[in-house]
Amino acid sequence: NNDYVLLHDIYRNEYNINYSGQTLSNSVFCGGRNGRDWEFLITLANEMPDVQFNCVMPKDKYEQFKDHFGKNIKAKYDIPEKEFLEFMCQSQLVVMPLDTESPAGLIVIFQAAANDKMVITSNTVTTDEYLIQGRGELCGHKTEEWKMKIRHYLQHKNEAQNCAVSFRTFLENECSEEVYLRILMKMLVK
């Protein structure tokens, strides 16, 4: 019964790297540090051997899971941000299974949107706020649901592109530094 102020994380246009290279057909990207469900992602990749999974993870996770990578998993660890973003841009979609309800992966999904990549991620309280209403896809913890959505958007590139544009537009309009400052000032004045 209380009213709360919603203050989104800040989206920066500088996340766009103006990538002009090639995008690998039938490929998805997952990367980052906190909250990624790498075990689930590897299971998913192993059930989709015809899809290329491009991953960037911390070195400890790479060491933990490297013996479970199928031929369709290209994994890197602890790489510079520019290389991380270029690797992301080489993939058609960004997928991000999460192992937490806490905010995790927001910067990466913002970077994906800035570079016209559609996002499929776990359905959490945080991700729901950003990716509802055609701005992306949210999944539960069932590999069948993930596989169905990944295959759909790999095959329907225009739909994926529309989601990416819709998400970027939302971020530019609702999550800019100016909007953040305006809301913060209202909170301080109260």
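Residues numbered from 1 in each chain as written. Predicted model: local features only at pLDDT ≥ 70, side-chain atom pairs only at ≥ 80, totals over all residues. Heavy atoms only, no water.

Turning our eyes to something else, we now look at the packing of aromatic side chains. Tallied over the full model, the rule gives 8 aromatic pairs. Each ring, one from Phe-29 and one from Phe-84, has its centre 5.2 Å from the other, and the planes form 90°; the classification is edge-to-face. Taken together, the residues span a long stretch of sequence, with Phe-29 in strand 1 (residues 27–31) and Phe-84 in helix 3 (residues 81–89) at a distance of 55 residues. Both residues of the pair, Phe-29 and Phe-84, count as buried. Geometrically, the ring pair formed by Phe-29 and Phe-87 is edge-to-face, given 6.0 Å between the ring centres and 90° between the ring planes. (Phe/Tyr/Trp six-rings, centres within 6.5 Å; stacked < 30°, edge-to-face > 60°. Helix = DSSP H or I, 4+ residues; strand = E, 2+ residues; numbered from the N terminus. Buried < 20%, exposed > 50% of the residue type's maximum accessible area, 1.4 Å probe, protein only.)

Where helix 1 (residues 38–46) is concerned, the buried positions are Trp-38, Phe-40, Leu-41, Ile-42, Leu-44 and Ala-45. Buried positions along helix 1 lie against strand 1, strand 2 (52–57), helix 2 (59–65), strand 3 (73–77), strand 4 (93–96) and helix 6 (143–155). (Contact = heavy atoms within 4.5 Å.)

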